[in-house]
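# Structural features, examined
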Amino acid sequence: MRIWLINIGEEVPSDPGSPRLLRTAILAGHLAARRHEVVWWNATFNHQRKHQRSDRTEFRDTAEGYRLVLLHGRAYARNISASRVVSQIENAREFTRIAPTMPRPDAIVCGYPTIELAAAAVAYARAIGVPIAVDFRDLWPDVIAEQMPAPLRFAAQPMLGYWRRLLRKIVRDSTAVIGVTHGFVDWALESGGRARGPLDRAFHLAINPELPDKDRIKEAEAFWDQQGIGTDSDVTVACFIGTLSRRLDIGTLLEGALRLSSDEKRRFKLVICGKGDLDDELRARAAGDSAIVFPGWRNAAEIHALLRRCQVGTLPYQSTSDFVRHYPNKIGEYLGAGLPIMTPLHGQVRTLVSSRDIGYLYDERSPESAADCLRRIIGGDGDRVGMRTRALEAYAELFDSQRIYREFCEYIEALPARADGSADTLGADA
């Protein structure tokens, strides 16, 4: 089969260092290994590292056996900015320009967001009669509106209204709606005014468990040794790994750590890996505190080594409409390493943590609650051995990447036959 995967915002295998490969990269590799002809449409701008891969749209053949099309879009410094919106519009225009020149695909899976690129992909698929499954990974534009100050939200109503109309058309005209959780699928169908169909389903986020090579692991271990992380068995290490965006409640976690006593801090390290809009602010607040470590954006081998030195993984998210429906990437990553989870999140994450007894809960926007939670962890509260066992069991049941990506590949392979004659019906249910 000839399969197109359309998703910008992820790192690709050829990015510098040892990039962290996420949902689309992993799926592309699995499909290529199953001897499909795979094209992954990404962007020239690396969203995580904020740098351009190329100054023009570029085609690349990868060692993993699939082709990359990097759609040109301008650089931007902030995740929420006019420059980012323009960059995404440029990506969509490039797709619309180039797609008709490419061999016709048999099936398309398109990530959502971005809104403009998803709309362009659905329009193209519908025009040529190719089945397209739209993979919902975020609740745009609802979460964008939630983050805006009230005066700005009022001024942005025309753009928000335009995006909602695009969203409705994307859902109505797609062959299938898939997503990272059932909650995301339900939200998309409700937003599009469409009833659930037989092809609409969820595939949880899952991280590839393959080990980095031995040389990279050795370098990574040396890096953390130099940072003093995990070298003292009496020190509890907690970590956060991800983009330091304003959508996090990481300030509460940081303030909770800063409230620990001197004796408690001697037995504790909080490692905050990543970069983003909050980077400078967080570093300034923790300046001079040896219990807080900011190693910046780390590669896959370094993250693998860090997780094996930690006793708990943190998910300091705000309980916004998307996150309460979501299992973030880091859940599977933490559980796969046997780590209990510390979080203030409500919704699916809190239910998972509490029902399976695999972590620690604290109150959102309460530094004192976060500090108390950290004290319990430092003091050895809870059955850590049992939590580790239960964490690994939850990973195997819900987030095992081999099973999830095998089922995802089988779904895509069956999509043309199952969608035959049903695309128009599915697009017109509402």
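Counting restarts for each chain, with residues numbered from 1 along the sequence as it is written. At least 70 in pLDDT is required for a residue's local features to be given in this predicted model, at least 80 for side-chain atom pairs to be given and counted, and no such filter applies to totals for whole chains, interfaces and linings, which use all residues. Hydrogens and water molecules were not included; the side-chain quantities draw on all heavy atoms of the structure.

Another point: the overall build of the protein. Counting from the N terminus, the helices are DSSP H or I runs at least four residues long and the strands are E runs at least two residues long. Secondary structure assignment for the protein yields 18 helices and 16 strands. All radius of gyration figures rest on C-alpha atoms, and the globule criterion is 2.2 Å times the number of residues raised to 0.38. Taking 22 Å as the expected radius of gyration for a compact globule of 430 residues, we find that the protein reaches 22 Å, a close match to that expectation. With respect to the principal axes defined by its C-alpha atoms, the protein has extents near 65 × 50 × 45 Å. The buried label goes to any residue with under 20% of its type's maximum accessible area, the exposed label to any with over 50%, and the partly exposed label to all in between, with areas taken from a 1.4 Å probe on protein chains only. In the protein, which comprises 430 residues, the share counted as buried stands at 59%. In the protein, of all internal contacts separated by at least 6 residues, the share reaching a separation of at least 24 is 71%. Asp and Glu count as negative and Lys and Arg as positive, but His and the ends of the chain are not part of the count. Positions of charges follow a simple convention, taking NZ of Lys, CZ of Arg, CG of Asp or CD of Glu. Treating the 57 positive side-chain charges of the protein as one cloud and the 56 negative ones as another, the clouds have centres 3 Å apart. Two residues qualify as a contact provided that any one of their heavy atoms is within 4.5 Å of a heavy atom in the partner residue.

Put simply, the protein has an average pLDDT of 93, and 97% of its residues get 70 or more. Looking at any residue, its pLDDT shows the predictor's confidence there, from 0 to 100. Confidence over residues 423–430 falls short of pLDDT 50; this stretch has 21 contacts with residues more than four positions distant or in other chains.

Nine residue types can take part in a nonpolar core, namely buried Ala, Val, Leu, Ile, Met, Phe, Trp, Tyr and Cys, and a core is a set of them joined through side-chain atoms within 4.5 Å. The biggest cluster of nonpolar side chains holds 64 residues, and the ones touching the most others in it are Val271, Ile272, Leu306, Ile331 and Leu335. Excluding anything up to four places from it in sequence, Leu335 contacts Ile341, Leu352, Ile358, Ala391, Leu392, Ala394, Tyr395 and Phe399. Within the second largest apolar cluster, 52 residues are counted, among which are Ala125, Leu139, Leu167 and Leu205.

Each turn of an α-helix holds 3.6 residues, which means side chains three or four residues apart point in the same direction. Given the number of residues in a helix, its expected span is that number minus one, multiplied by 1.5 Å. With 19 residues, helix H17 (residues 401–419) ought to run about 27 Å at 1.5 Å a step, and its terminal C-alpha atoms sit 26 Å apart, in line with that. Fitting axes to the seven residues that end at a residue and to the seven that start at it, the angle between those axes gives the bend at that residue. By the largest-angle criterion, Glu413 marks the main kink of H17, which is about 35°, and a proline, Pro416, follows within four residues. Here H17 has its buried residues at Ser401, Ile404, Tyr405, Phe408, Cys409, Tyr411, Ile412, Leu415 and Ala419.

So, about the sheet that holds strand S1 (residues 2–6). The mixed open sheet is built from 8 strands, whose spatial order is S5-S6-S2-S1-S7-S8-S9-S10. This sheet does not close on itself; its edge strands, each paired only once, are strand S5 (58–61) and strand S10 (201–202). Strands were regarded as paired on the criterion that DSSP finds at least two bridges between them. Sheet analysis places strand S2 (residues 37–43) next to strand S6 (residues 67–71), joined by 5 bridges and oriented parallel. Bridge assignment links Trp40 to a residue of S6, and that residue is Leu68. Helix H6 (residues 157–173) rests against strand S7 (107–112), strand S8 (132–136) and strand S9 (176–179) of the sheet, and its axis sits at about 135° to S8. Axes here refer to lines fitted to C-alpha atoms; in helices the fit is confined to the stretch in contact. Angles between the N-to-C directions go from 0 to 180 degrees.

Take Ala300: it is sitting in helix H12 (residues 300–307). Expressed as a C-alpha distance, the spacing of Ala300 and Ala371, which sit 71 residues apart in the sequence, is 29 Å.

Attention now moves to the sheet that holds strand S13 (residues 292–296). Taken in spatial order, the 6 strands make up an open sheet running S13-S12-S11-S14-S15-S16, and their pairing is parallel. Single-partner strands in this sheet number two, and they are S13 and strand S16 (359–361). Averaged over all neighbouring strand pairs, the angle between strand axes comes to 25°, with direction disregarded. Here strand S11 (residues 236–241) pairs with strand S14 (residues 312–314) via 2 bridges, running parallel. Bridge pairing in S14 links Ala238 to Val312. Sheet strands touched by H12: S11 and strand S12 (268–273). Its angle to S11, the strand with the most contacts, is close to 145°. Set on the sheet, helix H13 (residues 329–336) makes contact with S11, S14 and strand S15 (341–343); between it and S11 the angle comes to about 150°.

Before going further, it helps to examine unusual backbone geometry. Across the junction of Tyr112 and Pro113, the peptide omega takes the value -5°, indicating a cis bond. Positionally, Pro113 belongs in the loop between S7 and helix H3 (115–128). Each neighbour pair has its own omega, and for Trp140 with Pro141 the value is 0°, a cis peptide bond. On the secondary structure map, Pro141 appears in the loop between S8 and helix H4 (142–147). Of note, the phi angle at Asp357 is positive, near 50°, even though the residue is not glycine. The topology assignment puts Asp357 in the loop between helix H14 (348–356) and S16. Using a relative accessible area of 40% as the deciding quantity, one classes Asp357 as partly exposed. If you check the backbone angles, Arg365 has positive phi at about 60° while not being a glycine.

Another aspect to go through is the pairing of S5. In the sheet, S5 pairs with S6 via 4 bridges, with the strands oriented antiparallel. Across the sheet, Arg60 pairs through a bridge with Leu68, a residue of S6. From the end of S5 to the start of S6, which pair antiparallel, there are 5 residues, and Gly65 there has a positive phi angle of about 100°.

The salt bridge definition used is simple: a Lys or Arg side-chain nitrogen within 4 Å of an Asp or Glu carboxyl oxygen. Under the defined criterion, the tally for this structure stands at 41 salt bridges. When the shortest N-O distance is used, the salt bridge between Asp289 and Lys265 registers 2.6 Å. Taken as a pair, Asp289 in the loop between helix H11 (279–285) and S13 and Lys265 in helix H10 (residues 262–266) lie far apart in primary sequence, 24 residues in all. What makes Asp289 buried here is its relative accessible area of 15%. Arg283 serves as the salt-bridge partner of Asp279, at 2.8 Å between the closest nitrogen and oxygen. Of the two residues, Asp279 and Arg283 both sit in helix H11, 4 residues apart, roughly one turn of that helix. Each of Arg246, Glu255, Arg259, Glu264, Glu281, Arg285, Glu368, Asp372 and Arg375 takes part in one network of salt bridges that share partners.

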